[in-house]
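# Understanding the architecture of this molecule
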Amino acid sequence: MRLTLIVAAGLTASLAQASEDIADKYPQSELYDKPVEVIPHVFSAIGATAPPTYENSGHNNNLSFVLTGDGVVVINGGASARLAKALHDEIKMLTDQPVKLVINENGQGHAMLGNSYWAGLGVDILAHEDAIAEVEKNGDFILQGMQRYNRDKAEGTEVVVPNLSFSDQHIVEMGDVTLEVLHLGPAHDPGDVQVWIPQWGIVIAGDIAFHERMPPIFPETDTDAWVETFEGPFTDLGATYVIPGHGHPTNMAQVTRYTSEYIKDLRAKIGAHIEEGGDLASAYYVDQSNWEHLDTFEELATKNAGRVFEEMEWE
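Residues numbered from 1 in each chain as written. Predicted model: local features only at pLDDT ≥ 70, side-chain atom pairs only at ≥ 80, totals over all residues. Heavy atoms only, no water.

Next up on the list: the pattern of salt bridges. A full pass over the atoms with the stated rule returns 11 salt bridges. The closest approach of N and O atoms between K100 and D70, which form a salt bridge, is 3.3 Å. Taken together, the residues K100 in strand β5 (residues 99-103) and D70 in the loop between β3 (63-67) and β4 (72-75) connect sequence positions 30 residues apart. Residue D70 is classed as partly exposed on the basis of its relative accessible area of 42%. (Salt bridge = Lys/Arg side-chain N within 4 Å of Asp/Glu carboxyl O. Helix = DSSP H or I, 4+ residues; strand = E, 2+ residues; numbered from the N terminus. Buried < 20%, exposed > 50% of the residue type's maximum accessible area, 1.4 Å probe, protein only.)

Listed below in structure tokens is the structure:
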């Protein structure tokens, strides 16, 4: 009951504050916001729901960590070496336990560009094999994009490929905690990872789950498979607490509503549009008004519609 109240209280407070219009909540740090204890021993520095900018230092995802009693497990390397160091500074204020493992939730820049900082400390870095392939193929391009918006804050950042990989599941037993690092199936991005801690009922979900900002659909995203993974093995975990890839900690009902229900709604609208003989140009403007309160709606809604049209046109 105490844990439920912690999450409920935090969620109620955060919903009033969640806004892509707030440039920086923690100006004394490179982090967008100070880490909060979601449940005992599990912390997350909640990033901006806006796209990455110089003002938010690229911290527009969640940088989480778990205090195991015999070391710290960090989930997400961060968007730069400087951002990773800022997170580490906060960790060191909370515990003397050393960081022993960093997990990249996928191959995107805000998950892995900070690897260079952690690798410099000799910390092992784990990612799914598909995310590693993405880093190897596009890491330099991703780094250049971060350098453009982050300018001097990009100093010291290099592309470092994770030194540990897995296919379906990697078990981490450290201290008093067992973490199940899972790849449950296709979702938002190649190599998406979920970190499940069954003894505490919490999943650090990564980008399989959204609720405060609109889920971005990439050209390579298989939305039908995303829904299948979400409503199958991800839901079957039975998580009580969810730290999504973006936005504040919440619960399964919220991320279900704003992830799989959103995708299914958009697919239904695009499917009807195709049945009526509609083309790509008009597909961009199918009705998504039920979701316009979500952050990044203006940036993503029309792109998402176009990409789902291109996907479903050949199904």
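Picking up after the structure, the text goes on.
Adjacent strands of a sheet form backbone hydrogen bonds with each other and so pair up, either parallel or antiparallel. Taken together, seven strands build an open sheet; the order of strands is β1-β2-β3-β4-β5-β6-β7 and the sheet is mixed. One side of each edge strand has no neighbouring strand; the edge strands of this open sheet are β1 (36-39) and β7 (164-166). Within this sheet the neighbouring strands show an average axis-to-axis angle of 25°, counted without direction. The pairing of β3 with β4 spans four bridges and is antiparallel. Bridge pairing in β4 links S64 to I75. The strands that helix α2 (residues 81-94) touches are β2 (42-45), β3, β4 and β5; relative to β3, the one it contacts most, it runs at about 30°. Lying on the sheet, helix α5 (residues 129-150) is in contact with β6 (124-128) and β7; it crosses β6 at an angle near 105°. (Pairing = 2+ DSSP bridges. Axes fitted to C-alpha atoms, helices over the stretch in contact; angles between N-to-C directions. Contact = heavy atoms within 4.5 Å.)

Once that is clear, we can look at unusual backbone geometry. Not every positive phi belongs to a glycine, and N76 is a case in point at roughly 100°. Classification of N76 as buried rests on a relative accessible area of 0%. One non-glycine residue, R151, adopts positive backbone phi at about 45°. Turning to its location among the elements, R151 is positioned in the loop between α5 and β7.

The topology assignment puts I171 in strand β8 (residues 169-174). Residue classification places I171 among the partly exposed positions, given a relative accessible area of 38%. Separated by 25 residues in the primary sequence, I171 and W196 have C-alpha atoms spaced 9.8 Å apart. Residues in contact with I171, not counting those within four places in the same chain, are T178, L179 and E180.

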